[in-house]
Every structure is written in structure tokens, then in C-alpha cells.
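A look at the structure
Residues per chain are reported as follows:
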Amino acid sequence: MSLHGTYDPQNIFALIIKGDAPCFKLYEDDDVLAFLDLFPQSYGHTLVVPKRAAARNMLDIDPDNLCKMMLAVQKLTRVLVDELQPEGVQVAQFNGAPAGQTVFHIHMHIVPRYAGQGLGMHAANKADVAELEKLQARLVARIRG
Ligand code: 5GP
């Protein structure tokens, strides 16, 4: 059921895009926003969202916003790999609650994967804010070059 439905403009990512809720922002332009996941599956777990698409998932996003989101995903994936040097990196996107979606504004997950760590789908614990701030500063510095 959650695969189909009406876009809720009060969802948490819509609020973050509008500046009505906080985030640890890594990158923003006219079309996309990238920020750290508050419940990270790994060190560096990043989310990329389109700013101008009222889309819940892959089924209802328009091609232009999809392309812009994916270009940003590639850019951020390169930054995360260069800076954090993980052994792998997972790029994922979920559609509908049975597939693991919990926030219904389309987003891409970039999850650095480190050898010897498990592949959890969703983390139960909120990240330490001081740690997120340090990581944000490190990644923003890398993005700005
Ligand atoms: P989904 O399950 O919909 O694919 O992913 C939603 C993601 O958003 C999860 O990884 C979850 O940890 C993250 N998340 C939920 N609420 C917030 C929030 O308020 N801020 C941030 N930065 N991430 C959030």
C-alpha cells in the first residue's frame, strides 16, 4: 500500500529541504541536498534527496530530477570513498514499506561498507551528534577541495 499514495509535504525530508528541520548538510545546489543519516548503518552513511520533486519513490519521480539526484549520488559516493577509504560502498533506494522504506520522499542511501562489519538494513541507534559534526566538517572540507 505504501508503494502508492499521495505525497505528504510534511514528511521529515520535505521539512529538512525547506529548512524547517535540522540536518548535517554535506552538499546542496538548486536541485539536490545531501546530508548525513541520523541513524547511520555505517560511518559516513549519507542520504541524497531531490529538492524540487514531490515524489515518494522511483515510480513517481520525473526523469529530470532523477538524473540530477543520481549525478549527485555519484559525486558524493566518490567523495565518501576518497575521504573515508571504505572497502566497499552500497548505493541503495527502497520503495514501499515492505521494501524497507520509512520516509516517503524519494532518497538514495550511500553507505560506506568496511571489511568485517555487518550489513544492517537500518540502524536502531541515533548517531552521536558530536561525531556527526566532526564527520560533517571532514566531508564538507573534502567536497570544497
Ligand atoms: P528509508 O528507510 O526510507 O529508505 O530511509 C530513511 C532514512 O532516513 C533512514 O536511514 C533513517 O535513519 C533516516 N532518517 C530518519 N529520520 C531522519 C532525520 O530526521 N534526519 C536524518 N538525517 N535522517 C533521518
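As annotated in an unreviewed UniProt entry, the protein carries the name HIT family protein and is attributed to Pseudomonas cavernae.

Okay, the overall build of the protein next. Tallying secondary structure elements over the protein gives 3 helices and 5 strands in all. Ordered by position from N to C terminus, the α and β elements of the protein give α-β-β-β-α-β-β-α. Each of the three principal axes of the protein carries a C-alpha extent, and together these read 40 × 30 × 25 Å. Considering the protein as a whole, with its 145 residues, one finds that 46% of them fall into the buried category.

Applying the stated criterion across every chain yields a total of 8 salt bridges. It is possible to trace a salt-bridge network through shared partners that takes in D31, R52, D64 and K68.

In this section: the packing of helix α2 (residues 63–84) against helix α3 (residues 129–144). Relative to each other, α2 and α3 sit at 110°, their axes nearing to 10 Å. By the angle between their axes, α2 is roughly perpendicular relative to α3. In this structure, α2 meets α3 at a crossing whose hand is right-handed. Two secondary-structure elements touch here, α2 through L76, V79, L80, D82, E83 and L84 and α3 through L135, R138, L139, R142 and I143. When grouped by side-chain class, the residues that make up the contact of α2 with α3 number 7 nonpolar, no polar and 4 charged.

Right, let's talk about the packing of aromatic side chains for a bit. By the definition in use, this model includes 1 aromatic pair. Aromatic side chains F13 and F35 sit 5.4 Å apart centroid to centroid with 80° between the ring planes, which places their arrangement in the edge-to-face category. Remark: F35 occurs in strand β2 (residues 32–36) and F13 occurs in helix α1 (residues 12–18); sequence separation between them is 22 residues. Exposure class is identical for F13 and F35. Each is buried.

If you check the shell around the ligand, you find 18 residues, and the closest are D37, G100, T102, H109 and H122. In this structure, T102 approaches the ligand through a main-chain N or O atom, which is 2.7 Å from an oxygen atom. Given that more than half its atoms are within 2 Å of the pocket grid, the ligand belongs to the largest pocket. Going through the elements one at a time, α1 and β2 are the ones with two or more residues in the shell around the ligand. The element best represented in the shell around the ligand is α1, accounting for 3 residues. Looking at side-chain class alone, the shell around the ligand contains 10 nonpolar, 7 polar and 1 charged residues.

A word on the UniProt feature "domain: HIT" (unreviewed entry) in the protein. The residues that UniProt annotates with the feature "domain: HIT" (unreviewed entry) are residues 12–120. End-to-end, the C-alpha atoms of residues 12–120 are 22 Å apart, and along that stretch the chain is 27% helix and 23% strand.

Conventions we followed
- Residues numbered from 1 in each chain as written.
- Predicted model: local features only at pLDDT ≥ 70, side-chain atom pairs only at ≥ 80, totals over all residues.
- Heavy atoms only, no water.
- Helix = DSSP H or I, 4+ residues; strand = E, 2+ residues; numbered from the N terminus.
- Buried < 20%, exposed > 50% of the residue type's maximum accessible area, 1.4 Å probe, protein only.
- Salt bridge = Lys/Arg side-chain N within 4 Å of Asp/Glu carboxyl O.
- Axes fitted to C-alpha atoms, helices over the stretch in contact; angles between N-to-C directions.
- Parallel < 35°, antiparallel > 145°, perpendicular 65-115°, else oblique.
- Left-handed = near helix turned anticlockwise from the far one by under 90°.
- Contact = heavy atoms within 4.5 Å.
- Nonpolar A, V, L, I, M, F, W, Y, C, P; charged D, E, K, R; others polar.
- Phe/Tyr/Trp six-rings, centres within 6.5 Å; stacked < 30°, edge-to-face > 60°.
- Near = heavy atom within 4 Å.
- Polar contact = N/O pair within 3.5 Å; in protein donor to acceptor, adjacent residues only side chain to side chain.
- 1 Å grid on protein atoms, 1.4 Å probe; cavity = no way out; pocket = protein on both sides within 12 Å on 5 of 7 lines; lining within 4 Å.
- Sits in = over half its atoms within 2 Å of the grid points.
- UniProt positions renumbered as here; feature names shortened; annotations may be inferred.

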